[in-house]
Amino acid sequence: VDEPAFRSTTLMGRPWPPPPSERPARPWRRADARARTERDALRAEAAAGLSQELQGRDSGVVICAQLWAMELLTEVDTSGWPVIGQYHSSFEAAAGGRDLGRITSLYPDIARFLLLTPQDAERFRRLGMNNTGWMPNPLAVWPADPATPERSRTVLYLGRLSPEKGPGFLLDAWESIADRHPDWTLRLVGSGPDEAKIRARVDRMAAAGTSVVLDPPVEIGRAHV
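How each quantity is defined
- Residues numbered from 1 in each chain as written.
- Predicted model: local features only at pLDDT ≥ 70, side-chain atom pairs only at ≥ 80, totals over all residues.
- Heavy atoms only, no water.
- Salt bridge = Lys/Arg side-chain N within 4 Å of Asp/Glu carboxyl O.
- Helix = DSSP H or I, 4+ residues; strand = E, 2+ residues; numbered from the N terminus.
- Buried < 20%, exposed > 50% of the residue type's maximum accessible area, 1.4 Å probe, protein only.
- Arc of directions from axis to C-beta.
- Pairing = 2+ DSSP bridges.
- Axes fitted to C-alpha atoms, helices over the stretch in contact; angles between N-to-C directions.

A.B. asks: Can you walk me through the pattern of salt bridges in this structure?
C.D. replies: Pairs can form between side chains of opposite charge once their charged atoms are near each other. All chains considered together, the criterion is met by 15 salt bridges. The salt bridge partner of Glu38 is Arg14, with a shortest N-O separation of 3.3 Å. In this pair, Glu38 sits in helix α1 (residues 30-55) while Arg14 sits in the segment before α1, placing the two residues 24 residues apart along the sequence. For Glu38, a relative accessible area of 28% corresponds to the partly exposed category. For Arg14, a relative accessible area of 39% corresponds to the partly exposed category. Asp172 serves as the salt-bridge partner of Arg201, at 2.5 Å between the closest nitrogen and oxygen. Taken together, the residues Arg201 in helix α7 (residues 195-207) and Asp172 in helix α6 (residues 167-177) connect sequence positions 29 residues apart. Residue class for Arg201 comes out buried when judged on its relative accessible area of 19%. By relative accessible area, which is 39% here, Asp172 ends up partly exposed. Each of Arg7, Glu53 and Arg57 takes part in a single network of salt bridges with overlapping partners.

Here is the structure:
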């Protein structure tokens, strides 16, 4: 964009370092110790830079869209700046991993904690988080007539095959309506930890006559789709 409507600031002077090896980190390994020191320095640099940004301006609103960024925000003075935090996965995904503990320690005292669905907001509210609300991801509206002969009658899923993405729910929905729309196909493109389970289910559904296929990711130029 030649003339963006907003200004962006990079808070770290260099990229966040990758893990030093595929092995679990060990404090006594020199490479792991160096990476930990570098990460600590970058966090301190980012926190100092953000504190300077906020202190140099009139009060406003901080919108934090990531758990990792919220952890960094705890090291920043946000006085006079209401904080809106977002979580872009489901309650089940948080509870099934390590996110739930991080969320319940980071989000209860901010001005507003936004989830993707009212059901997720209610689940977190039951944990005592009375600042919850919900706002769905912005999605393009459907075409006025998606089923014209010129268009492929395909519902396409592009994404990771993992619990937080919910491909199993999509298969549940497709299984319930596919017999009423035999000229439509559900095509899933992706890979991930649930790939074997999803592939086995797709194969069973296809064998039963449901129009559904699973394809691996493909490389298009430099993009991984």
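A.B. asks: In this structure, what is going on with α6? I would like to understand it.
C.D. replies: In an α-helix, one full turn covers 3.6 residues, which means residues spaced three or four apart are oriented alike. Every buried residue of α6 is listed here: Pro167, Leu171 and Trp174. Around the axis of α6, the buried residues are gathered within 65 degrees of arc, so they sit on the same side.

A.B. asks: Explanation requested: the sheet that holds strand β4 (residues 132-134) in the structure shown.
C.D. replies: The pairing of strands in a sheet comes from backbone hydrogen bonds and takes either a parallel or an antiparallel form. Here four strands make up an open sheet; going across it, the order is β1-β2-β3-β4 and the pairing parallel. Looking at the sheet topology across the chains shown, the edges are occupied by β1 (62-64) and β4. Direction aside, the axes of adjacent strands within the sheet are offset by 25 degrees on average. Bridging between strand β3 (residues 112-115) and β4 involves three bridges; their strand directions are parallel. Bridge pairing links Phe113 to Thr132 in β4.

These results come straight from atomic positions and should not be treated as a statement about function.
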